[in-house]
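Fold and geometry: a report
One-letter residues, chain by chain:
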Amino acid sequence: KAQPVLKSFETRLLEREVQILTDIDIVYKKKALYNVKTEYLVSGFGAVEVSSELTMPKNSKAPNEIPRFGLVLQLKKEFDKVKYFGRGERENLPDMKAHAPVGIYETTVEAMHEPYIYPQDNGERTEVKWLSITDEQGRGIKVYANDKFAFNAHNYTVNALYEAQHQEDLKEQPTTVLTLDGAIRGTGTASCGPDTLPEYVIDASEGLAFSFTILPL
């Protein structure tokens, strides 16, 4: 399967911030499919501004359509209290949201899991303006963005989810994995039903961008 390959990692001390720049290729059989450049600006009081851009190399043989574009953060398991302003209170997607009015919702990481018989991506919340994830004492992080985004949070890694073949194969791990999506595809893959409607497909051919800010709580 495709793997990320770090091309460069730079740090710079600016006047009021530390800048971190990463350049990553998504590689399959030694050929770059996509490139992702990300900038992190870390302030003195702990805020982190994140800006990420995905492009396709000119000679890339990768498909233009991708399932999502975002970043993943791994936290300690005690960060399990979730509060957000977006669509809820149950799982929703860009084309499956009529049941999910916009509001402020509180839940837990455990409750966000949807126990599908065949393990798959689940628990997504869309049209989110901000979210916080904290421990029992209220310590944690808040994430907000100028544009609406989507997220999910689980007590298992993405690799564990994809490797599980049955519901009972998916075990809780000592971690909280927060996935932040600047873009996510709608329902349907044509594998056992209709494909995704064109307006809910993510086209990466012209590039994609996603930015957000993390604040300490």
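Residues numbered from 1 in each chain as written. Predicted model: local features only at pLDDT ≥ 70, side-chain atom pairs only at ≥ 80, totals over all residues. Heavy atoms only, no water.

1. Focus on the nonpolar core
For soluble globular proteins, the rule of thumb is that nonpolar side chains tend to be buried together. Among the nonpolar cores identified, the biggest contains 36 residues, and Phe 149, Phe 151, Leu 178, Leu 180 and Phe 212 are the most heavily contacted of them. Within the residue set of this core, elements represented by two or more residues are β3 (31-43), β4 (48-55), β6 (68-75), β7 (81-87), β9 (125-134), β10 (140-154), β11 (176-184) and β13 (208-216). By residue number, the principal contributor to this core is β10, which donates six residues. When near neighbours in sequence (up to four residues on either side) are disregarded, Phe 149 contacts Arg 125, Thr 126, Glu 127, Val 128, Lys 129, Trp 130, Leu 131, Val 143, Tyr 144, Leu 180, Asp 181 and Phe 210. By size, the runner-up hydrophobic cluster in this structure holds five residues, among which are Tyr 156, Ala 160, Leu 161 and Leu 170. (Core = buried A, V, L, I, M, F, W, Y, C linked by side-chain atoms within 4.5 Å. Buried < 20%, exposed > 50% of the residue type's maximum accessible area, 1.4 Å probe, protein only. Helix = DSSP H or I, 4+ residues; strand = E, 2+ residues; numbered from the N terminus. Contact = heavy atoms within 4.5 Å.)

2. Things to note about the layout of surface pockets
Considering only enclosed or pocket space, the second largest pocket measures out at about 190 Å³ in volume. Contributing to the lining of the second largest pocket are 17 residues, with His 113, Pro 115, Tyr 156, Leu 170 and Glu 172 lying nearest its centre. Residues that form the lining of the second largest pocket fall into these classes: seven nonpolar, six polar and four charged. (1 Å grid on protein atoms, 1.4 Å probe; cavity = no way out; pocket = protein on both sides within 12 Å on 5 of 7 lines; lining within 4 Å. Points joined across faces, edges and corners; volume = space filled by probe spheres on them. Nonpolar A, V, L, I, M, F, W, Y, C, P; charged D, E, K, R; others polar.)

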